[in-house]
Amino acid sequence: MASSRTLWKGAITFGLVHIPVGLHTASIEQGVDFDWLDKRSMDPVGYKRINKRTGKEIDKDNIVKGVEYEDGKYVVISPDEIEAVYPRTTQTIEIQRFIDANEIPFVYLERPYYVAPINKGQKVYALLREVLVKTGKVGLAKVVIATKQHLAVLVPSGKALVLNLLRWGDEVKTLDGLDLPAAGVKGANVTAAEMKMAEQLVGDMSGKWNPDDFKDEFKHAVMKIVDKKVKAGDTETVIQPEEEAPGESAQVIDLTELLARSLKSGKSVKAPSKGAPTGEGEAKEKRPARKAAAKRATPAAKRKAA
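Residues numbered from 1 in each chain as written. Predicted model: local features only at pLDDT ≥ 70, side-chain atom pairs only at ≥ 80, totals over all residues. Heavy atoms only, no water.

**Some thoughts on the overall build of the chain**
Thought 1: Helix and strand counts for the chain come out as seven helices and nine strands.
Thought 2: Counting only residues that meet the buried cut, the chain has 21% of its 306 residues in that class.
Thought 3: If you take every contact in the chain between residues at least 6 apart in sequence, the share linking residues at least 24 apart comes to 68%.
Thought 4: Counting every atom, the chain has about 23800 Å² of accessible surface; 55% of that belongs to carbon and sulfur. (Helix = DSSP H or I, 4+ residues; strand = E, 2+ residues; numbered from the N terminus. Buried < 20%, exposed > 50% of the residue type's maximum accessible area, 1.4 Å probe, protein only. Contact = heavy atoms within 4.5 Å. Areas by Shrake-Rupley, 256 points an atom, 1.4 Å probe, with all protein chains shown as cover.)

Take a look at the structure:
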């Protein structure tokens, strides 16, 4: 982890406890990223603002944001209205409640991040990790990353805590409309002989989990073509426009001593009520800076931001 770039700095919070942490990418985007290039000059090709009816390019000052509420009917939302409802950037992974580790279906899991302690937060970090392991619990939390609020789950994994972003409840489709067999062996009309043979087959094909056993075959085939062309000198030089590096997030004060105070006082931590605001008293992110950053961002960067 020493060479891993910190993407976000903040703190895990529950009750009176703050654990200063940083987020690190835990996954790598697979597949082949084909960029568009102008074959005449080898310049990168971006996206134009095109009026889909007239086919003409329009100035950004003439673009407004609209939300389609019915087929072909929109409500226009002004920049001020959008600004007013942006989630507050509190730089916290705020645990809402602790739940059993097996309660969250896999379909809700979206993107993992490694969480590492910073600013002398190692001991409380380890304590949270070990208590989650012992109790079989995980922490259900809310976090704001790149101005977008996420539901997430904090899970112990070996020596690390992993923050896995979750899909919201209304983003996961129900099973309604799917033609599925009834649950249970009897309900699905599976015979004892069929079950025995299936169990034997599963046993014969069982093995240890080893991610290195499986590769993206298409990606590796394309990269072999790339390597071959590189060795043959069949390459092109593309000059990318420069982008400003993002600034560092605010440092969080190490409040480890609050753990001892919480334990001595015996204060219980209640689950927050629905709709309760989070992060009260935190300074709001400077909006002009965020707007400027949004204008500088490329379409590809915007897609990968969250």
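**As for the pattern of salt bridges**
When their charged atoms lie close together, side chains carrying opposite charge are able to pair.
Thought 1: Inspection of the entire model under this criterion finds three salt bridges.
Thought 2: Residue K73 is joined to E70 by a salt bridge in which the shortest nitrogen-to-oxygen separation is 3.9 Å.
Thought 3: Overall, the relative accessible area of 45% leaves K73 in the partly exposed class.
Thought 4: On the accessibility criterion, E70 (43% relative accessible area) is partly exposed.
Thought 5: Residue E130 pairs with R129 through a salt bridge whose shortest N-O separation is 2.8 Å.
Thought 6: Of the residues examined, E130 reaches a relative accessible area of 42% and is grouped as partly exposed. (Salt bridge = Lys/Arg side-chain N within 4 Å of Asp/Glu carboxyl O.)

**Considering a nonpolar patch on the surface**
Thought 1: Judged by side-chain polarity, L175, L178 and L180 come together as a nonpolar surface patch covering roughly 320 Å² of accessible area.
Thought 2: Topologically, L175 is positioned in the loop between β9 (160-166) and α3 (192-205).
Thought 3: L175 gets classed as exposed once you look at its relative accessible area, which sits at 59%. (Patch = residues over 30% accessible without salt bridge, like charges linked within 9 Å, V, L, I, M, F, W, Y side chains within 5 Å.)

**A short note on the nonpolar core**
Thought 1: I12, I19, I93, V115, L128 and L163 are the most contacted members of the largest nonpolar core, which totals 23 residues.
Thought 2: For this core, the elements supplying multiple residues, two or more each, are β1 (8-14), β2 (17-25), β5 (92-100), β6 (109-117), α2 (122-135), β7 (137-145), β8 (148-157) and β9.
Thought 3: With sequence-adjacent residues up to four places away left out, I12 is seen in contact with V17, H18, I19, V21, I93, I95, V115, L128, L154 and L161.
Thought 4: Counting seven residues, the second-largest nonpolar core is a separate cluster that includes I99, I104, L151 and V153. (Core = buried A, V, L, I, M, F, W, Y, C linked by side-chain atoms within 4.5 Å.)

**Quick notes on unusual backbone geometry**
Thought 1: Even without a glycine there, the phi angle at N119 is positive, about 50°.
Thought 2: Mapped onto the elements of the fold, N119 is located in the loop between β6 and α2.
Thought 3: Assessed through its relative accessible area of 32%, N119 is described here as partly exposed.
Thought 4: Here the phi dihedral of N189 falls at roughly 60°; this positive angle occurs in a residue that is not glycine.
Thought 5: The residue N189 is located in the loop between β9 and α3 in this model.

**Some remarks on the sheet that holds β9**
Thought 1: Taken in spatial order, the seven strands line up as β1-β2-β6-β9-β8-β7-β5 and close into a barrel, and their pairing is mixed. Sheet twist, expressed as the average angle between the axes of neighbouring strands with direction ignored, equals 40°.
Thought 2: Of the strand pairs in this sheet, β8 and β9 are connected by seven bridges, and their pairing is antiparallel. Counterpart to S157 in the pairing with β9 is A160.
Thought 3: Against the sheet, α2 touches β1, β2, β5, β6, β7, β8 and β9, its axis set at about 70° to β9. (Pairing = 2+ DSSP bridges. Axes fitted to C-alpha atoms, helices over the stretch in contact; angles between N-to-C directions.)

**Details of the pairing of β8**
Within a regular beta strand, the side chains point alternately toward one face of the sheet and then the other, so they alternate between its two faces.
Thought 1: Relative to β8, β7 runs antiparallel, the two being bridged by seven bridges. Residue pairing across strands places I145 opposite K148, the latter belonging to β8.
Thought 2: Counted between consecutive antiparallel strands, the loop separating β7 from β8 contains two residues, among which A146 sits at a positive phi close to 55°.
Thought 3: Once β8 ends, the chain turns through two residues before running back antiparallel as β9, passing G158 with a positive phi of about 65°.

**Quick word on the confidence of the model for the chain**
Thought 1: Looking at the chain as a whole, the pLDDT averages 75, with 71% of positions reaching at least 70.
Thought 2: Ignoring residues within four places in sequence, the model shows residues 245-255, a span with pLDDT below 50, making 18 contacts including any to other chains.
Thought 3: Every residue in residues 267-306 scores below 50 in pLDDT, and together they form 42 contacts with partners more than four places removed in sequence or on other chains. (pLDDT = per-residue confidence, 0-100.)

**Notes on α2**
Thought 1: Taking 1.5 Å per residue as the helical rise, α2 with its 14 residues ought to reach 20 Å, and the 20 Å between its terminal C-alpha atoms agrees with that figure.
Thought 2: Along α2, the residues that are buried comprise V124, Y125, L128, R129 and L132. All buried residues of α2 project into a common sector of 140° when viewed along the axis, lining one side. Opposite the packed face of α2, turned more than 90 degrees from it, sit the exposed residues K123, V133 and K134.
Thought 3: G136 occupies a position one or two residues after α2 and carries a positive phi of about 70°. (Expected span 1.5 Å × (residues − 1). Arc of directions from axis to C-beta.)

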